[in-house]
Every structure is written in structure tokens, then in C-alpha cells.
Amino acid sequence: MTGSSHRFLAVVAAAAGVVAGCGGTGSHAPAGQSAATTSSAPPPVSRADPVTLVPTASEVSTLIKPASRPTRHDQRLTSSTVSSAFASRVPASQRLASGAAELDITGRNGTFLYVHVFEFRSVASAQSLAATFLSSTRLGAGHGQPSGAPGQEGQASSQPYGHHREVSVRYAFREQNVLAYVELDGPRGRFSLADAIRVAAIQDRHVKAALS
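Predicted, not measured: the structure shown is a model, and the values here were computed from it. (Residues numbered from 1 in each chain as written. Predicted model: local features only at pLDDT ≥ 70, side-chain atom pairs only at ≥ 80, totals over all residues. Heavy atoms only, no water.)

## Here's the deal with the nonpolar core
The tendency in soluble globular proteins is for nonpolar side chains to be buried as a group. Core analysis: the largest hydrophobic core is formed by 30 residues, its most contacted members being Leu113 and Tyr171. Within the residue set of this core, elements represented by two or more residues are strand E2 (97–106), strand E3 (112–120), strand E6 (166–175), strand E7 (178–187) and helix H6 (193–210). By residue number, the principal contributor to this core is H6, which donates six residues. Counting 18 residues, the second-largest nonpolar core is a separate cluster that includes Phe86, Ala97, Ala126 and Leu129. (Core = buried A, V, L, I, M, F, W, Y, C linked by side-chain atoms within 4.5 Å. Buried < 20%, exposed > 50% of the residue type's maximum accessible area, 1.4 Å probe, protein only. Helix = DSSP H or I, 4+ residues; strand = E, 2+ residues; numbered from the N terminus.)

Here is the structure:
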């Protein structure tokens, strides 16, 4: 075979390799669609002031009426603020969270409502701490996530106190980059888990309205 023949075959082989690389399946966008548009969009997150994600006293007035002025305010991300919600992962929660807020209502006849919310910088950050959060905030008896309860992850729980004459009911959940829990305390039979979930649903609507 002559030198010119060798050169011709090398050119043909190289061209075939380029065609194979450009025309292979499984790594290219459909015709008319760029590769950039095939990548999934980042998950929506809340960048709202955390206190706006907490229900107002008027929104929960059918469940509990304040006997004194309710407190609804932002919280600083100190170790004492996050310790009860994140146990041994306090440093990570302080580093990854972007804000926190709470609502406290003292009602009549020994009734109380507590709502706490923690907003994170990303969905991945909230996901990485969700299991710790749900475990740390669970009361004595865990009930899982009831059907239809708000949140992408959730945990309902309850616990008696005061010689079993009173009961705390709590629902903790994650929605995108937000971790939150609702607790209602009062005489036995005064509140149910369904009531805590109703308040959580209000909060969940606030979170979803803030997603972008």
C-alpha cells in the first residue's frame, strides 16, 4: 500500500470517529433543544423574613385565644436557640440556617401554643438536618406523618405532663428549605394532633407562598 493510501485511510478513520462522537445517543439534547435546557431547575426556596412564615395570632384564634399579648418575632441563631431542635448538630444548624422565628401564645385555662421555624440557605441544607430535627423535636410518643399532613417530611408526636392531667401535641415538618414545628399544650382532651396539624398547614401555606 502506498503512503498516500495510508494517509487517506487515516483521514477516513478520524472522520468516522468524529461522526460517532457527535451522533451517539444518550448524551445529547433532543433536536431543537440545547443541552443547557435539559438540566433540571434548582428547587424553589424561601428567602422570606422567617417571622412572616409563622402564623399570626388571628390565624389560630379559633384554637387558642391569647390571655396575654402574644409574641411573634425573629430569633438570633444562637446555640441556645437551636440546641433543642438540632441536638448534637448545633454547629451545623447554625452554619447552614439563614434565620429563625417563633410564635408563643399563652391562652386561658393553662393552654399554650408554640410555633418555631428555621429557614435554611438551601433545600439540601434543610434535608441534611431534617432527620436530626424530626428526632430531636419528637415528644414521648411518635406517630409518624399522618396522611394528608403538610410537609415533604413530617413527624407527629404527643406526651402527657403534670401527672398526666395535661397533654402536649406536636407536629414537626420540612417544606423545601424550611424546618418547623407546632406544639399545643393543655388539659387532656383540649387539643388533638389534628389541631397541631391545622396550625402547621397554615404555616405550610406561608412557606409555599414565599418560594421562588
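## With respect to the pairing of strand E5 (residues 153–161)
Sheet analysis places strand E4 (residues 141–144) next to E5, joined by three bridges and oriented antiparallel. Of the residues in E5, the one forming a bridge with Ala141 is Ser158. Hairpin connection between E5 and E6: a loop of four residues separates the two successive antiparallel strands, and Gly162 in this loop has a positive phi of roughly 60 degrees. (Pairing = 2+ DSSP bridges.)

## A closer look at the packing of aromatic side chains
Evaluation of the coordinates by the stated rule reveals seven aromatic pairs. Ring centres of Phe86 and Phe118 lie 5.2 Å apart, and the angle between their planes is 80 degrees; this geometry places the pair in the edge-to-face category. Remark: Phe118 occurs in strand E3 and Phe86 occurs in helix H3 (residues 79–86); sequence separation between them is 32 residues. In this structure, Phe86 and Phe118 share a single accessibility class: buried. When the ring of Tyr171 is compared with that of Phe173, the centres are 5.8 Å apart and the planes differ by 15 degrees; the resulting orientation is stacked. Both residues of the pair, Tyr171 and Phe173, count as buried. (Phe/Tyr/Trp six-rings, centres within 6.5 Å; stacked < 30°, edge-to-face > 60°.)

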